[in-house]
Every structure is written in C-alpha cells, then in structure tokens.
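# Architecture and fold: a report
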Amino acid sequence: MRRLYLILGDQLDRDSLIFNDVDIENDCFWMAEVHEESTHVWSHKQRIALFLSGMRHFAQELREKGLPLWYHSLTDAKFDNLAEALAHTITTEQPQEVWCVRPGDYRVFESLVNTCKQYDVPFKQLNDQHFLSTPKEFKQWADGKKQLRLEYWYRELRKKYQILMEDNQMPLGGKWNYDQSNRKSFKKEGPKSVPKTLSWQADEITQTVIELVNEKFSDHPGTLDQLHWPVIPAQAEQALVRFFEDCLENFGDYQDAMWMDEPFLNHSLISSALNMKLLHPLQVIQTAEYYHREKKAPLEAVEGFIRQILGWREYVRGLYWMHMPGWLDMNALQANQDLPDFYWTGETDMTCMSQSIKQTLTYGYAHHIQRLMVTGLFSLMYGVDPKKIHQWYLAVYVDAVEWVELPNTLGMSQYSDNGIMASKPYVASGNYINKMSNYCKNCRFKPSEAVGDDACPFTTLFWTFLDTHAETFKNNPRMGFMLKNLERKTEKEIADIKAQAIKIRHSIAQNKH
Ligand code: FAD
Ligand code: SF4
C-alpha cells in the first residue's frame with residue numbers, strides 16, 4: 001500500500017485536504033471506532049452516539065463514492081484503542097506512509113505519531129482547513145508579546161477575512177466590540193418567546209448506534225432515547241438556518257441570560273457540528289454578516305456571534321497547541337478537592353446547579369454562561385482538582401474535543417494556568433446568578449446571604465475564595481474592587497463565613513447539599 005489516510009471522529013470534513021491526492025488503487029482510508037475514545041473519560045451517551053453516528057454516515061458516503069476504506073467497528077470490538085487498531089492495519093497492509101489531518105487532541109496526536117514511529121512508517125500531517133488560522137500563525141502572532149488578549153487576535157482575523165469591515169481597515173460601525181450591549185438579563189418577565197429547536201428522526205444508522213451505545217455503555221452518564229444533534233452536513237445546515245432565522249436577532253442581548261427549564265434560549269447549538277467539521281466556520285460567519293447587511297439582524301448581535309467563532313474559537317485553539325502538553329498539569333491555585341457527586345446526577349438543592357447539570361445530563365448541552373458562571377464557578381470556588389473538572393467537561397458535553405474544552409475549562413474557568421487564558425479568575429457571588437436568571441427565585445437559598453441556614457453556597461465560597469487567595473491576587477488590578485470589599489468585612493464576619501464554608505463542604509462531602 002502507498003498511503004494510509006486516517007480520518008478521526010472529529011474530522012468529518014467532506015472537503016478535507018486528505019482527499020486531494022488519492023490513488024484509489026494503492027491508497028486506503030482508515031476510520032476506527034475504539035472503546036477507549038468513549039471511556040478515557042466517562043463519556044455522555046449522547047456524545048458517544050453523536051460521534052459514532054457521524055462517523056458511520058461519513059463512512060457510508062466514502063463507500064458510495066467508491067473510495068477504499070478500512071473501518072474498524074465497535075460492534076466487532078477488536079481493538080481497545082486507536083494505537084492498537086492502527087498497529088494492526090500497519091502490520092497487515094504495510095503502508096509506505098500514514099497521513100492524517102492534525103488531530104484535535106494532543107493525546108491522540110501523540111499516540112498516532114508514536115505508533116508510526118514504532119513501526120517505522122513516516123507520519124505526515126495535513127492542515128485542518130476547518131479553522132481560519134493555523135497553530136503556526138498563532139504562535140508567530142503570540143511570540144514576543146508579554147500578555148496575549150483575544151481582542152487583538154480577533155481583530156487580526158477580522159482584517160484577514162474582511163469580516164464586518166469598511167474600507168479594509170475600519171470595523172463596520174466604528175467599533176470592534178459590542179460586548180457591553182450584549183449582557184442583558186430577562187428581568188422578572190422572562191423571555192417573551194423561546195425559539196423552537198429542531199429534531200431529526202433517527203435513520204437506520206443512528207438507530208443502530210443508539211442501541212449499541214445503550215448496550216455497551218449502559219452505565220455511562222446521560223440518556224439516549226433520541227439523539228438530539230446533527231450527524232450529517234444537511235442537518236447541521238438546517239440547525240444553522242433555524243438559528244439565523246429565529247435566534248440571531250436576540251442572540252447578543254441575551255447571550256449571558258439564563259432561565260428555569262429553558263436549556264437553549266437564543267443559542268445556536270452548532271458547536272458539535274462545527275467541531276465535527278459538518279459546518280465550516282467561514283460559512284457560518286459570512287452568513288451572519290449577510291444577515292446584518294440585509295438588515296435582518298442588528299450589528300451588536302452579529303458582532304457578538306462572530307466574535308465567538310472567529311475570535312474565541314480560533315484563539316483557544318492557538319493557545320492549546322502553544323501550551324500542550326504542559327497545560328494539563330498546571331494547578332496554580334493548588335485546588336485538590338474531589339468533584340462533588342451531584343455533578344453526575346444534578347441532585348442538589350442549589351437550583352442553578354441542578355438546572356445546569358440536569359439539562360447537561362439530558363442533552364449533553366449547557367450554554368456558555370451555565371458552563372462558566374454556574375458549574376465552572378462552583379468548581380473554582382469549591383477548589384476542585386482541575387484535572388477532575390476537566391474530565392467532567394470533556395465527558396458530558398456533545399461538543400467536547402480537547403483543543404476547545406481544555407483551554408475553556410482549565411484556563412478561562414478554573415484559572416489553573418495562572419492567567420494564560422484569562423486576566424483574572426471568573427469569580428462571583430450568588431448575586432451574579434440572581435441578576436442573570438430566575439434560578440434564585442426558585443431556590444431554597446438566598447443569593448445575598450453568606451451565613452446562616454439560607455446562605456447561598458456561591459456567596460459563602462466567593463468570600464472564602466477571595467480570603468484564601470488575597471495574597472496571590474493583590475497586584476491584579478482587575479481584582480482590586482473585590483479585594484477592597486473583602487477588606488471591609490470585620491474579622492467576626494470573615495470567621496462566620498469561614499465556619500459556614502466548612503459546614504457547606506461537610507454537607508457536600510456527605511452528599512446532602
Ligand atoms: P453559541 O452560544 O451559540 O455560540 C456560537 C459558537 O461560538 C459556538 O457554537 C462555538 O463554536 C463558539 N464559541 C462560543 N464560545 C466559545 C468559547 N469560549 N470557546 C470556543 N468557541 C466558542 N465549546 C466547545 O465547542 N466545546 C467544549 O468542549 C467547550 N467546553 C467549555 C467548557 C467550559 C468550562 C466553558 C466555560 C466553555 C466551553 N465551551 C466549549 C465554549 C462554549 O460554552 C460552547 O462553545 C457553547 O456553549 C456551545 O453552544 P452553542 O453552539 O449554542 O454556542
Ligand atoms: Fe444558585 Fe445561590 Fe441562586 Fe440558589 S441562591 S440558585 S444556589 S446562586
């Protein structure tokens with residue numbers, strides 16, 4: 001065999017560079033479903049099914065096009081991990097070279113490279129065209145800068161792709177960023193209306209996968225009566241059109257808002273489709289821009305949406321490849337607590353946590369603020385060991401691939417990297433959640449209370465977090481305001497809050513909170 005072309009579960013790009021130079025007589029494509037990819041973290045059933053169904057649909061298309069394909073199926077379960085499966089094909093087929101688009105996960109990259117080394121076959125890596133920048137470009141931009149900030153990388157990419165620009169260099173509307181207009185809550189009245197989501201009838205492939213996952217991974221978290229996510233590009237495009245037609249207009253305003261029993265609100269729900277390469281980010285961005293130019297959506301909303309994809313998505317990927325593998329072992333705040341059990345059940349009196357976790361267990365989805373300012377915030381202030389919370393996020397979300405999950409979790413949310421990703425830890429008391437949602441109105445705790453039977457655990461832990469880490473953050477100008485408020489508390493108040501925190505920790509350890 002001349003070349004073996006590997007296609008991984010998050011590389012379902014129909015226009016991938018991997019198709020550019022194929023000799024169908026002498027080359028072969030290769031895909032593998034292996035146990036380890038669903039068990040190295042305790043993956044949600046929706047997540048496993050989504051990847052398997054996406055892969056099987058892709059494989060079917062390759063076969064229909066007459067392309068040669070080696071497909072290791074989990075139904076036969078011959079190989080436990082990718083390295084074993086690849087070693088087997090290399091031994092039987094003896095390819096001269098192995099080719100692969102850059103994997104989305106350092107662990108997978110390393111195992112493929114090492115397997116090829118072991119069998120003395122050259123490993124050739126191709127650029128992933130589903131990103132709008134390369135790790136090399138990002139590194140060139142980042143090198144020599146004292147502090148990296150998303151905003152400046154985002155502006156580079158706006159100029160490079162001429163997105164929301166006037167006369168080449170000027171941002172459309174005169175401003176690069178409309179973040180300040182994008183932080184509204186639903187106040188007391190709640191959302192006027194919530195756009196409907198789509199669902200797709202499971203075809204034969206998806207139905208077989210659902211049965212397989214329910215049988216082989218029955219003890220994994222989540223439920224799987226129905227798969228809620230697009231598995232082929234046509235479905236991903238329907239999801240995108242739904243977002244543009246029904247949600248985009250209000251996306252910016254309510255991007256950070258939360259509401260009881262409303263898991264999706266105005267969010268796009270396209271992250272898994274983007275990450276599996278069913279949708280191209282440039283298509284998404286240019287269509288959003290078109291909606292604005294056609295006066296169907298305000299600039300604030302469109303800019304806010306584009307910043308997530310052209311800005312954050314590209315930025316976290318650049319950082320990931322710059323800082324791996326070291327990022328995984330960082331623990332700047334020396335957090336060492338176990339992950340509380342309710343992260344796997346949603347069974348807690350804290351309504352915000354219960355709402356965010358239960359919807360996660362049903363759909364494999366929570367929106368950004370639920371991840372950052374509810375489940376992430378609690379873990380940060382409780383002091384969960386960063387590796388344990390990282391494994392949870394990687395397991396439970398359908399869009400979780402390490403290049404995007406890890407920087408968001410360890411960097412933005414847990415500050416375990418000492419500020420690579422965020423200029424300060426995202427900490428807040430229950431008052432923030434109260435401002436952005438109606439969770440607190442439906443909770444037995446009071447967000448303003450830090451001590452006593454009604455004390456909100458977020459508020460108590462907020463003060464103890466500040467007290468514990470005051471020395472670490474004393475020179476951080478963005479923490480000055482919070483630390484000043486801490487200084488205003490009397491010794492007695494601090495002592496009472498600390499006593500309350502001990503009670504909360506004790507009750508969580510006993511599974512009673
Ligand atoms: P929308 O709110 O509609 O946003 C549109 C798109 O922008 C998203 O689909 C996504 O592609 C992109 N985007 C938005 N925020 C970010 C961000 N911070 N980083 C990168 N891209 C972003 N996103 C993932 O795709 N996979 C993950 O595993 C993941 N883990 C996260 C873990 C934590 C702790 C946090 C705080 C955030 C995480 N995010 C992750 C980012 C973000 O929460 C999700 O992309 C978003 O909630 C997906 O829902 P949506 O498609 O409805 O997004
Ligand atoms: Fe969450 Fe505290 Fe509000 Fe309850 S009171 S919903 S625990 S923030």
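Rules used throughout
Residues numbered from 1 in each chain as written. Chains lettered and ligands numbered in written order. Predicted model: local features only at pLDDT ≥ 70, side-chain atom pairs only at ≥ 80, totals over all residues. Domains from an automatic or database assignment. Helix = DSSP H or I, 4+ residues; strand = E, 2+ residues; numbered from the N terminus. Nonpolar A, V, L, I, M, F, W, Y, C, P; charged D, E, K, R; others polar. Axes fitted to C-alpha atoms, helices over the stretch in contact; angles between N-to-C directions. Parallel < 35°, antiparallel > 145°, perpendicular 65-115°, else oblique. Left-handed = near helix turned anticlockwise from the far one by under 90°. Contact = placed C-beta atoms within 7 Å. Near = placed C-beta within 6 Å. Buried ≥ 20, exposed ≤ 12 C-beta atoms within 10 Å, placed from the backbone. Pairing = 2+ DSSP bridges. Expected span 1.5 Å × (residues − 1). Arc of directions from axis to C-beta.

Another point: the domain arrangement of the protein. Assigned domains within the protein: domain 1 (3–126), domain 2 (135–323) and domain 3 (341–509). Computed over C-alpha atoms only, the centres of domain 1 and domain 3 are separated by 38 Å. The greatest single-element share of the side of domain 1 that touches domain 3, amounting to three residues, is contributed by helix H2 (residues 45–64). Taken together, the residues of the side of domain 1 that touches domain 3 sort by class into four nonpolar, four polar and three charged.

With that settled, consider the packing of helix H3 (residues 82–93) against helix H4 (residues 106–118). Across the interface, H3 lies against H4 with an axial gap of 9 Å and an inter-helix angle of 30°. One element, H3, and the other, H4, form an angle in the roughly parallel class. At the point where H3 passes H4, the crossing takes the right-handed sense. In this structure, H3 contributes Leu82, Ala83, Leu86 and Ala87 to the contact, and H4 contributes Val108, Ser111, Leu112 and Thr115. For the contact of H3 with H4, a count of residues per class yields six nonpolar, two polar and no charged.

A few words on the packing of helix H17 (residues 457–473) against helix H18 (residues 480–487). In the contact formed by H17 and H18, the axes pass within 10 Å of each other and the chain directions differ by 115°. In this structure, the crossing between H17 and H18 has a hand that is left-handed. In this structure, H17 contributes Trp463, Leu466, Asp467, Ala470 and Phe473 to the contact, and H18 contributes Met482, Leu483 and Leu486. Looking at the contact of H17 with H18, its residues break down into seven nonpolar, no polar and one charged.

Attention now moves to the site of ligand 2. Taken together, 14 residues are adjacent to ligand 2, and Cys352, Gly430, Cys440, Cys443 and Cys456 come closest. Among the elements that make up the shell around ligand 2, the one with the highest residue count is helix H16 (residues 430–436) (three residues). Residues that form the shell around ligand 2 fall into these classes: eleven nonpolar, three polar and no charged.

For ligand 1, the set of nearby residues contains 27 residues, the closest of which are His267, Ser268, Ser271, Gln308 and Glu405. Listing elements by their share of the shell around ligand 1, those giving two or more residues are helix H9 (271–275), helix H11 (299–323), helix H13 (368–382) and helix H15 (402–413). The greatest single-element share of the shell around ligand 1, amounting to six residues, is contributed by H15. For the shell around ligand 1, the residue count by class is twelve nonpolar, eleven polar and four charged.

A large share of helix H14 (residues 386–396) lies buried, amounting to eight of its eleven residues. Of all the positions in H14, only Pro386, Ile389, His390, Trp392, Tyr393, Leu394, Ala395 and Val396 are classed as buried.

Strand order across the open sheet formed by five strands is E3-E2-E1-E4-E5, with parallel pairing between neighbours. Strands at the two margins of the open sheet, each flanked by one partner only, are strand E3 (69–72) and strand E5 (123–126). The mean inter-strand angle of the sheet, taken between neighbouring strand axes irrespective of direction, is 25°. By the bridge criterion, four bridges tie strand E1 (residues 3–6) to strand E4 (residues 97–101) in an arrangement that is parallel. Residue pairing for E4: Leu4 is matched across the bridge by Val98.

Attention now moves to helix H19 (residues 491–509). Here H19 spans 27 Å end to end across 19 residues, near enough to the 27 Å set by a 1.5 Å rise per residue. Of all the residues in H19, the buried ones are Ile497, Gln500, Ala501 and Ile508. Buried residues along H19 cover an arc of 105° about the axis, so they all sit on one side. Relative to its buried face, H19 has exposed residues pointing more than 90 degrees away, namely Glu491, Lys492, Ala495, Ala499, Ile502 and His506. Where H19 is buried, its residues touch H17. The positive-phi residue at the C-terminal boundary of H19 is Asn511, with phi of around 65°.

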